[in-house]
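# Secondary and tertiary structure notes
The residues making up each chain are set out below.
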Amino acid sequence: MSNLLPTRILKETQRLMQEPVPGISATPDESNAKYFHVMILGPSESPYEGGAFKLELFLPEEYPMAPPKVRFMTKIYHPNIDKLGRICLDILKDKWSPALQIRTVLLSIQALLSAPNPDDPLDNQVANQWKVNEAEAIKTAKEWTKKYAIDSN
Amino acid sequence: MTIETSNFMKLNLRSRSSSRERPLTNLQITNSLIRTNSCNNKKLIDDINLINPSTSSSSGSYTSSSYTESDSNNNLLIYPKIDSNSEPRRLNATCIKYGELVVLGYNGGLKNSNQSRRKSKFVLNRRDLPNGVKPCSQHVLQTQQEADNLIQKNPNHSVTYTLSRNQTVVVQYTSDDKTDMFQIGRSSESAIDFIVLDTRVPNLKILNQNQQSTISRFSCRIVVEREYPYTARIYAAGFDATKRIFLGEKATKWTNEKGEMDGVTTNGVLIMHPTNGFIGNDSKSNEWMEVSVCGAVFSLSETRLTPMISRVQTNNPNKNNILRDGTLIDLCGATLLWRSIEGLQKTPTKHYLDMNLEYLNNLRPQCPVGLKTLVFQTESTPMPSMDTMSSSSSLNSPDRIPMVYLKCGHVHGNHEWGIKKDNDRECPLCRKVGPYVQLVMGVEPSLYTDTDFLNMNNLFKPYAFRPCGHMASEKTCKYWSRILVPQGTTQGLNSICPFCSITLCKEQPYVKLIFQEGV
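Just so it is clear, the structure is predicted and the values come from calculations on it, not from any experiment. (Residues numbered from 1 in each chain as written. Chains lettered and ligands numbered in written order. Predicted model: local features only at pLDDT ≥ 70, side-chain atom pairs only at ≥ 80, totals over all residues. Heavy atoms only, no water.)

As a further point, take the overall build of chain B. Across its full length, chain B holds six helices and 33 strands. For chain B, the residues scored as buried account for 53% of the 519 residues in total. With the model as given, the accessible surface of chain B reaches about 23,200 Å², and the carbon-plus-sulfur share is 49%. (Helix = DSSP H or I, 4+ residues; strand = E, 2+ residues; numbered from the N terminus. Buried < 20%, exposed > 50% of the residue type's maximum accessible area, 1.4 Å probe, protein only. Areas by Shrake-Rupley, 256 points an atom, 1.4 Å probe, with all protein chains shown as cover.)

Written out as structure tokens, the structure is:
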């Protein structure tokens, strides 16, 4: 683990610490500079408002030629995030570009919380509920937020 | 000795090599009469009468002033006395620069050249002693032997036109102390001041590369008036080591309206004066014209593929053989740019171009992928090499080499992401797919059309030519994209990158560069 970190990762980390994105924090693990502890605050006017969601972000060996691996650790009721915390986001898959960064990925996830997309679901059950009865779905999302993402740490 | 010839000839105009062949044209020379007198080992020539079919009796123009004087005064007025006994004339020893000839496609350097006369750029300075020549007399002779004898008696410059086995015209030249002559060609003989070989065109592949050269050994000559404004005129063909020019039986020849013999060379010398000049704002390509041995200018047909000499010399005063700033000279295999001294005074310096690069480097442009600062080569920073796999922090590492996605102009370091078929790449920033090439600064200042360099704050916005990635200013890129240049013998007219001669992309010949500034 003592091998030199690429300039790219060093620079990204540095900037994340020096100029953090509002509502997002990302801290590299003490023992593994490619593993980040992430916290995203639920965007205002979303069902996740007030919640603090924990994620893990890992940079694979090929990064930035391959996307980072990101997962929600906090349970969340969202049509594009499944029970295991996996995220359905194109830029984390086939739409990845090495010009994207940890910062931009986390911003995209934050935006996904503001605008759930039930037409491209990862959790069919949640997505279905979102389509059939959006009000009920949002209510559930708020409940989950209260239950799992507020003051639960 | 008196030779009288009176015959009627039909001349078949020359056949040119490959596609530059001309349709046959018939020109007639009738009733050529000449008497050559020889006394005291000095030639003395009397009346030259070359009569055109159209004009019943017009005498050769050379007879006007110079010829008559030379005739009656035993050439005293014609040949300046520059012999070992007399004191050499130093007309003006201070260095006066007339202009420059820049070969397109070399970007200021010519690798593997150990000949001092073969360079990518040739500076024409006023000579210590004038060496210009001008025609003085025309002789019609029956045999080659007679022509040789005549020339032996007067070993000055001469042009020999072999019309047929029975008729040869020799035009003798005499020194002209008002002009300097500069000869250009493929020959390494000392008669050639500026050796020009065929330019390798990167994208014309094998077509021309291994073929015989199409540039003439004695391709053309430029005669410059020694006094301001240093008018420079170009003529087809150059004199060889024996001071002779030969136009063989197959060459296209004719008698002009002044009764003078004229002709064109095998692959020809073409010139083009760009409309609105080189440094103007709305400059564009103009008609390519062919120059004759006597400096007459003729229109070609639309493209070089089917050139045709029109019988009548153009009367348009703009169509002449006087070189102007920006005139292009095509020797069929290499294209030369003439920069006049006036034009050069308004042209950026090497220093200005270096300043631009330094400025770019100081912006610390970053590769959006590697997040490393990109480094352009300047005098002080050696070019990073693709081969060096040095440590990642080194300034020379490949990921610091500025590369450009040619579709969009986004500048990156060298990396391996997004490779598509045919070596195309997907730009990580905008996802456009297209070629991805290294950016190389155009460093030959004489090829820049910019004029606002005097204000050092006025650094240029960098653009790049497509498909080669040569970087230059917006004005320079736009200029060259509008200028059409003959390529080879069969490729017609194309716009080319002046730094490497590659044919520019028809659509989008250049792209504005987009740098990501360092964070």
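There is more to say after this.
This part takes up the interface of chain B and chain A. Many analyses report the size of an interface as the accessible area lost when the parts associate. Taken residue by residue, the interface counts 13 residues in chain B and 13 residues in chain A. Together chain B and chain A conceal approximately 1,100 Å² of surface at their shared face, both sides included; 59% is due to carbon and sulfur atoms. At the junction of chain B and chain A, the tally comes to zero salt bridges. At the junction of chain B with chain A, the criterion picks out four residue pairs in polar contact (both at pLDDT 80 or more). When the residues that make up the side of chain B that touches chain A are grouped by side-chain class, the tally is seven nonpolar, four polar and two charged. (Contact = heavy atoms within 4.5 Å. Buried area = accessible area lost by both parts, 1.4 Å probe. Salt bridge = Lys/Arg side-chain N within 4 Å of Asp/Glu carboxyl O. Polar contact = N/O pair within 3.5 Å; in protein donor to acceptor, adjacent residues only side chain to side chain. Nonpolar A, V, L, I, M, F, W, Y, C, P; charged D, E, K, R; others polar.)

Moving on, we get to unusual backbone geometry. All names here are of chain B. Residue P229 follows Y228 across a cis peptide bond; omega there is 10°. Note that P229 resides in the loop between β11 (220-225) and β12 (232-236). At the junction of R466 and P467, the peptide bond is cis and its omega measures out at 10° in the coordinates. Note on placement: P467 falls in the loop between β28 (462-465) and β29 (470-473). Phi is positive for C332, close to 60°, though the residue is something other than glycine. Among the structural elements, C332 can be located in the loop between β19 (328-330) and β20 (335-340). With relative accessibility at 0%, the residue C332 sits in the buried group. Of note, the phi angle at R364 is positive, near 50°, even though the residue is not glycine.

Right, let's get into the sheet that holds strand β4 (residues 97-103) of chain B. What holds strands together in a sheet is hydrogen bonding between their backbones, with the strands either parallel or antiparallel. All names here are of chain B. The strand order across the open sheet formed by seven strands is β5-β4-β20-β19-β16-β17-β18, and the pairing between neighbours is antiparallel. Each edge of the sheet is formed by a strand with only one pairing partner; in this case those strands are β5 (121-125) and β18 (297-299). Within this sheet the neighbouring strands show an average axis-to-axis angle of 30°, counted without direction. Here three bridges tie strand β17 (residues 289-291) to β18, and the two strands are oriented antiparallel to one another. (Pairing = 2+ DSSP bridges. Axes fitted to C-alpha atoms, helices over the stretch in contact; angles between N-to-C directions.)

Quick look at helix α2 (residues 102-114) of chain A now. Residue and element names in this part refer to chain A. Between the first and last C-alpha of α2 there are 19 Å, a value that for 13 residues agrees with the 18 Å anticipated at 1.5 Å per step. Turning to α2, its buried residues number three or more, namely I102, R103, V105, L106, I109, Q110, L112 and L113. Against the buried residues of α2 lie α1 (7-18), β1 (24-28), β2 (35-41), β3 (52-58) and β4 (69-72). (Expected span 1.5 Å × (residues − 1).)

Residues and elements named next belong to chain B. Taken as a whole, this structure holds 23 aromatic pairs over all chains when the rule is applied. Note on Y98 and F182: the rings are 6.2 Å apart at their centroids and 80° apart in plane angle, and the pair reads as edge-to-face. Pair noted here: Y98 is in strand β4 and F182 is in strand β9 (residues 179-185), with a separation of 84 residues, a long-range link. Residue classification places F182 among the buried positions, given a relative accessible area of 3%. (Phe/Tyr/Trp six-rings, centres within 6.5 Å; stacked < 30°, edge-to-face > 60°.)

Right, let's talk about the UniProt feature "active site" (unreviewed entry) in chain A for a bit. Residues and elements named next belong to chain A. As recorded in UniProt, the sites labelled "active site" (unreviewed entry) are C88. Examined against the element boundaries, C88 turns out to sit in the loop between β4 and α2. The residues touching C88, leaving out its near neighbours within four places in the chain, are N80, K93, L112, D120 and L122. (UniProt positions renumbered as here; feature names shortened; annotations may be inferred.)

Moving on to the sheet that holds β9 of chain B. All names here are of chain B. Across the sheet, which stays open at both edges, the four strands sit in the order β10-β9-β11-β12 with mixed pairing between neighbours. Across the chains shown, the open sheet's two edge strands, defined by having one partner strand only, are β10 (194-195) and β12. Relative to β12, β11 runs antiparallel, the two sharing five bridges. The residue bridging I222 from the neighbouring strand is I234, located in β12.

What the rule picks out here adds up to 21 salt bridges over all chains. One salt bridge in this structure joins E61 of chain A and K34 of chain A, with 3.7 Å as the shortest N-O distance. Pair noted here: E61 of chain A is in the loop between β3 and β4 and K34 of chain A is in the loop between β1 and β2, with a separation of 27 residues, a long-range link. Accessibility expressed as a relative area gives 61% for E61 of chain A, which makes it exposed. Across the salt bridge formed by E100 of chain B and K121 of chain B, the nearest N and O atoms sit 3.6 Å from each other.

All names here are of chain A. Two numbers describe how helix α3 (residues 124-132) lies on helix α4 (residues 134-149): the axes approach to 5 Å, and their chain directions differ by 130°. Judged by the angle between their axes, α3 and α4 are oblique. Contacts from Q129, W130 and V132 of α3 reach α4 at E134, E136, A137, I138 and A141. In terms of residue class, the contact of α3 with α4 is made up of five nonpolar, one polar and two charged. (Parallel < 35°, antiparallel > 145°, perpendicular 65-115°, else oblique.)

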